[in-house]
Amino acid sequence: MVQILRQRLRKFYKWFQQKSLYHRLFWGLIIVISTGIIFWILWLTVTRFYADSISIDIETTYLRWNNTFPAVSVCMTKGRTINQSQATAYIKDEKLIYDVPMKTYMNALHDLIFTNPVNIRIKTANCVNTNGTCGIDYHQLQRKFLPRSCELVFEKVTFLGEVVQNCTDIFRFHELTMGYCFLANNLMDYKSVEKLPMKFDISHKDRSLKVWFKKPHTWKYSVDVHSPVDMPYFSSNFGDLKDSNELFYVNVIEYQNNADVKAEPVKQRSCKFPEERDPGSPWHYSYSSCMSYLGIQFEIKMCNCTLFTSPEIFKSQYCDIMGMDCIAKAFIVKLVNQYSVDNDACCPSCVEAKIINVGVITNAEASLEVNVINVPSERYKRVVTKNSLDLVVAVGGVIGLFAGASILNLFEIVYVLLRRKIN
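First things first, this report covers the structure right here in the doc.

Definitions and limits used
In this numbering scheme, every chain counts its residues from 1 along its sequence in written order. Owing to the predicted nature of the model, reporting of local features is limited to residues with pLDDT of at least 70; listing and counting of side-chain atom pairs is limited to 80 or more, with chain, interface and lining totals taken over all residues. Based on all heavy atoms of the structure, the side-chain values leave hydrogens and waters out of the count. Only DSSP runs of H or I covering at least 4 residues are called helices, and only runs of E covering at least 2 are called strands; the numbering of each starts at the N terminus. Burial classes: relative accessible area under 20% of the type maximum marks a residue as buried, over 50% as exposed, and values in between as partly exposed (1.4 Å probe, protein chains only). Should any heavy atoms of two residues lie within 4.5 Å, those residues are considered in contact. Where accessible areas are quoted, they stem from the Shrake-Rupley method and a 1.4 Å probe; at the residue level, only the protein chains shown are allowed to cover. Here a strand pair is declared whenever DSSP counts at least two bridges between the two strands. The axes used here are C-alpha line fits, helices contributing only the stretch in contact, and every angle between their N-to-C directions lies in the interval 0 to 180 degrees. Stacked, tilted and edge-to-face are the three classes applied to pairs of Phe, Tyr and Trp rings, where Trp contributes its six-membered ring and a pair requires centres within 6.5 Å; stacked means planes under 30 degrees apart, edge-to-face means over 60, and tilted covers the rest. Over a ring means this: the NZ of a Lys or the CZ of an Arg is within 6 Å of the ring centre and within 35 degrees of the ring normal. The criterion is simple. A nonpolar core is a set of buried Ala, Val, Leu, Ile, Met, Phe, Trp, Tyr and Cys residues joined through side-chain atoms within 4.5 Å. Here, a salt bridge means any Lys or Arg side-chain nitrogen found within 4 Å of an Asp or Glu carboxyl oxygen. What makes a patch is a set of residues exposed beyond 30% relative accessible area and free of salt bridges, joined within 9 Å when like-charged and within 5 Å when nonpolar (Val, Leu, Ile, Met, Phe, Trp, Tyr). Expected span of a helix, by definition, is 1.5 Å for each gap between consecutive residues, and there is one gap fewer than residues. Note that the term roughly parallel is reserved for angles under 35 degrees, roughly antiparallel for angles over 145, roughly perpendicular for angles of 65 to 115, and oblique for everything else. For this classification, Asp, Glu, Lys and Arg are treated as charged, while Ala, Val, Leu, Ile, Met, Phe, Trp, Tyr, Cys and Pro are nonpolar and the rest, including Gly, are polar.

### Here we look at the overall build of the chain
Each helix and strand in the chain was counted, giving eleven helices and 16 strands. Within the span of the chain, comprising 423 residues, buried residues form 43% of the whole. Within the chain, residue pairs in contact and separated by at least 24 positions form 77% of the contacts whose partners lie at least 6 positions apart. Per element, the accessible surface of the chain, about 23800 Å² overall, is 56% carbon and sulfur.

The structure is reproduced here in structure tokens:
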């Protein structure tokens, strides 16, 4: 077959040589231009396929929707003072050694309880003549001073105007990189967005979550209203609850995806589904979990350890006092944020909801109230506009237009060559 092709090319070359110079220049130029245009259009076709194979449409058939309520995260942050009687008893029971005034040491314990990536206040001078952890079991310290049950935190909870008898039906406790948190309607506790318990539709007149807190002691409350797929992390929009009750007004726009979107490469859809977690990450994928895991990786890279608020799978790499001091001085949070911007390290989640904070007012009925102003009248839907078969058709069309060839022609060429060889 190769020999036949060579003979054909030689015959064409001899015929081409017999023509006049102008004839050869004209058809040579036509062939070069046509070949260049073919490759140019093929390049544009393939580039556009990878850039525009996914489109986002807007749906407005809201009368039939069952909408997902935003996630609400309540985390405990450092209060004004530590409970001195409780701290004195703890120091005595644990037989802790210190070479500084008792009040100074209590303040050091207070700082340790609420350590997180944006709140590292470590004074190594408070831990002289002790081991690397200041003689303290950090997790035991937190369990001693902070509640882990929602019954000890929430006095009353209502959703859509109805009292929630068991607060655990709404709020679940988590130990996160940001400390002790209670999460409502978060994907961390459910298998999929469809399984989330807090839903509402056009028939609900009261579209609110109301929470009455019990009086805090060593801690105060910080709140973030966000997409159910996300979790609290160092760049969350946390707001400390003031003594005056606060009401958050929000609007919600959800994202949905056609079934075939998941089959497309991440680069084309520019988002990830929850099950597409980063290698080594302990959480489902979301922008916030990606940033949190990136922060842990930076801590280990810069200081050879990570904060004790990191998940238990990193237990062997937890920092001592010197390690935490290293993280504080390395400005890890700033480095991670800059790295993410420069390298597009974390893409959005494909199922995240867009939460629009409309405003906050004080003197609300409950300690905390989150109210969806309007029933969502639109939502975004990702659809595949071009799949692999569309790419094949487009490429075939370009080749057919400029070369007059098709798949059938290729079979014909093979058939003729084989027939001549046999003859």
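What follows picks up the thread again.
### Section: the sheet that holds strand β13 (residues 255-257)
Spatial strand order, β1-β16-β13: three strands in an open sheet with mixed pairing. Two strands lie at the open edges of the sheet, namely β1 (54-59) and β13, each paired on one side alone. This sheet shows a mean twist of 30° between the axes of neighbouring strands, independent of strand direction. Bridging between β13 and strand β16 (residues 379-384) involves three bridges; their strand directions are parallel. By the bridge assignment for β16, N257 is matched with R382.

### Description of the packing of aromatic side chains
Taken as a whole and assessed by the stated rule, the structure comprises 15 aromatic pairs. Considering the side-chain rings of F173 and F182, the 5.4 Å spacing of their centres and the 55° angle between planes classify their relative orientation as tilted. Since its relative accessible area comes to 22%, F173 is described here as partly exposed. Here the aromatic cluster, defined as three or more aromatic residues joined through ring pairs, consists of F154, F171, F173, Y180, F182, F213 and Y221. Above the face of the W212 ring, K156 is positioned so that its terminal group lies 4.7 Å from the ring centre. Lying across the ring of F273, K262 places its NZ or CZ 4.9 Å from the centre.

### Things to note about the nonpolar core
Ranked by internal contacts, the top residues of the largest apolar core, which has 77 residues, are I136, F154, F171, L209, F213, M324 and L368. With residues near it in sequence (within four places) discarded, M324 still touches L112, T115, I120, I122, Y138, L307, F308 and C319. Counting nine residues, the second largest nonpolar core, distinct from the first, contains V229, C271, C350 and V351.

### Things to note about the pattern of salt bridges
A full pass over the atoms with the stated rule returns nine salt bridges. Ionic pairing is found between R269 and E276, a salt bridge with its closest N-O pair at 2.8 Å. We classify R269 as buried; its relative accessible area is 5%. Residue E276 is classed as partly exposed on the basis of its relative accessible area, which comes to 23%. Put simply, K272 and D278 hold a salt bridge, and the shortest N to O gap is 3.1 Å.

### Points about a nonpolar patch on the surface
On the surface, L29, I33, I37, W40, W43 and L44 cluster together to form a nonpolar patch covering roughly 630 Å² of accessible area. Here L29 lies in helix α2 (residues 21-52).

### A word on helix α4 (residues 102-113)
An α-helical turn contains 3.6 residues, so any two residues separated by three or four positions project in the same direction. In a regular helix each residue adds 1.5 Å, so twelve residues correspond to 16 Å; α4 covers 17 Å between its end C-alpha atoms and thus fits that length. Taken together, the buried positions of α4 are Y105, M106, A108, L109, H110, D111, L112 and I113. For α4, the elements touching its buried residues are β3 (71-78), α3 (84-94), α5 (138-145) and α8 (321-330).

### Digging into the pairing of strand β6 (residues 171-176)
Each regular strand carries side chains that alternate between the two faces of the sheet. Inspection of the sheet shows β6 paired to strand β7 (residues 179-184) by six bridges, in the antiparallel sense. From the neighbouring strand, L176 faces β7, where its bridge partner is G179. Between β6 and β7, which follow one another and run antiparallel, lie two residues.

### Digging into the sheet that holds β7
The strand order across the open sheet built from five strands is β6-β7-β3-β10-β11, with neighbouring strands paired in antiparallel fashion. The open sheet has two edge strands with one neighbour each: β6 and β11 (239-240). Examined bridge by bridge, β3 and β7 share four bridges and lie antiparallel to one another. Residue pairing in the sheet places C75 in a bridge with C181 of β7.

### Considerations on the packing of α4 against α5
Closest axis-to-axis distance for the α4/α5 pair is 9 Å, and the angle between their directions is 95°. Our classification of the angle between α4 and α5 gives roughly perpendicular. Here L109, L112 and I113 of α4 lie close against α5, whose contacting residues are Y138, L141, Q142 and F145. Looking at side-chain class alone, the contact of α4 with α5 contains six nonpolar, one polar and no charged residues.

### Structural notes on unusual backbone geometry
Excluding glycine, most residues fall at negative phi; most peptide bonds, likewise, are trans. Here the phi dihedral of S270 falls at roughly 60°; this positive angle occurs in a residue that is not glycine. Mapped onto the elements of the fold, S270 is located in the loop between α6 (266-269) and α7 (287-303). Although it is not a glycine, D344 adopts a positive phi angle of roughly 45°. Considering the arrangement of structural elements, one finds D344 in the loop between α9 (332-343) and β14 (354-362).

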